[in-house]
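Descriptive structure summary
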Amino acid sequence: MSKKKKPLRMAPLQRLAVKPIEDPAEQAALDARLQQSEEGASKASVESGASGRVTAPLVLELCRRLSAKARLTVASELGGQLSVEQRIEVIQSLASELPAEFRTHLAEGLLGRLEDARGTESIGCWPKGSSAARG
Amino acid sequence: MPAALTPRVRTLVVCDSVRASKVEESVFHLRGTRYHIRADSFPLRRRLLLFLILSSPRPDRFPGYIKVIDDSTDRAIYYGQIEPPPRFPSDSDLLPLVLPVNIRFPQAGRYLVQIWFFQETAADILKMEQTFDVLEREA
């Protein structure tokens, strides 16, 4: 039996401005800020845990220490932050590594989800939410 | 699990105009939704609208900016700060936004439209990226 979810509440449309940043110095400052953060993150050691910065190798290392259930939770949360195209790429890449019988099983599962979601405007958790951003 | 610090970008549509429906609440009409534009000559300056739907687990204001990258050179050709910062009301799960941008495309090719949010204690975070092609019209 499927869980009944509360309808999502949409705020009124906000029309905002976008102020171009044309000053090269300001642009460089933005890029430098980002680069500094990335460099700082790459220096962070998993063992020392000294920095709050997060890098892909750090996340991978931490994930290896988690239970299978917790890893799934992390994967779902991170997957939710990907764009639709990126999610499709991940699914295709993962699916190509599965044995044929599991691919059939996966296809059946996804079709079942699609049928559940059909006719509703679902923007729930990944990968169901991929329908939401089609525009 | 800690809640996300910045909103999630659920939808990003590049288009020519957005209008809220007069008869249906929380329904929007988008015109000229596109993944490309065509031009006769370059550089091309073009006004576009970005239609976004954000979700956030908490009400707050979220400063952010738009960046457009030329995919062939990896260089940013546009930076724009969202003003005022999008404000998430306490009684809403989703926030629809319309952001006008006026971009000068230096040449034909593929571009990446990116939505970034500032974070107080960590690096700026990229929450959505979408390709956008600028094509040269054939004679």
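Below or above, wherever it landed, is the structure these notes cover.

Some thoughts on the pairing of strand β4 (residues 36-39) of chain B
All names here are of chain B. Only one face of β4 is buried: it carries Ile37 and Ala39, and the other face, with His36 and Arg38, is open. Here four bridges tie β4 to strand β12 (residues 125-136), and the two strands are oriented parallel to one another. Looking at the pairing, Arg38 lines up with Leu135 of β12.

So, the sheet that holds strand β2 (residues 17-20) of chain A
The six strands lie next to each other as β2(A)-β8(B)-β7(B)-β11(B)-β12(B)-β4(B), forming an open sheet whose pairing is mixed. Strand pairing shows two members of the sheet lacking a second neighbour, β2 of chain A together with β4 of chain B, which therefore form its edges. Across the sheet, the mean angle separating the axes of adjacent strands is 30° when strand polarity is ignored. Bridge count between strand β7 (residues 64-70) of chain B and strand β11 (residues 109-117) of chain B: seven bridges; the pairing is antiparallel. In the strand pairing of β11(B), Asp70(B) is matched with Tyr111(B).

Some words on the environment of Val90(A)
Mapped onto the elements, Val90(A) comes out in helix α4 (residues 84-96). Assessed through its relative accessible area of 29%, Val90(A) is described here as partly exposed.

A short note on the sheet that holds strand β1 (residues 8-15) of chain B
The mixed open sheet is built from four strands, whose spatial order is β1(A)-β10(B)-β5(B)-β1(B). The sheet terminates laterally at β1 (14-15) of chain A together with β1 of chain B, the two strands that pair on one side only. Where strand β5 (residues 44-55) of chain B lies against strand β10 (residues 94-105) of chain B, twelve bridges are found, and the strand directions are antiparallel. Bridge assignment links Ile53(B) to a residue of β10(B), and that residue is Pro96(B).

Reading the values: rules and limits
- Residues numbered from 1 in each chain as written.
- Chains lettered and ligands numbered in written order.
- Predicted model: local features only at pLDDT ≥ 70, side-chain atom pairs only at ≥ 80, totals over all residues.
- Heavy atoms only, no water.
- Buried < 20%, exposed > 50% of the residue type's maximum accessible area, 1.4 Å probe, protein only.
- Helix = DSSP H or I, 4+ residues; strand = E, 2+ residues; numbered from the N terminus.
- Pairing = 2+ DSSP bridges.
- Axes fitted to C-alpha atoms, helices over the stretch in contact; angles between N-to-C directions.

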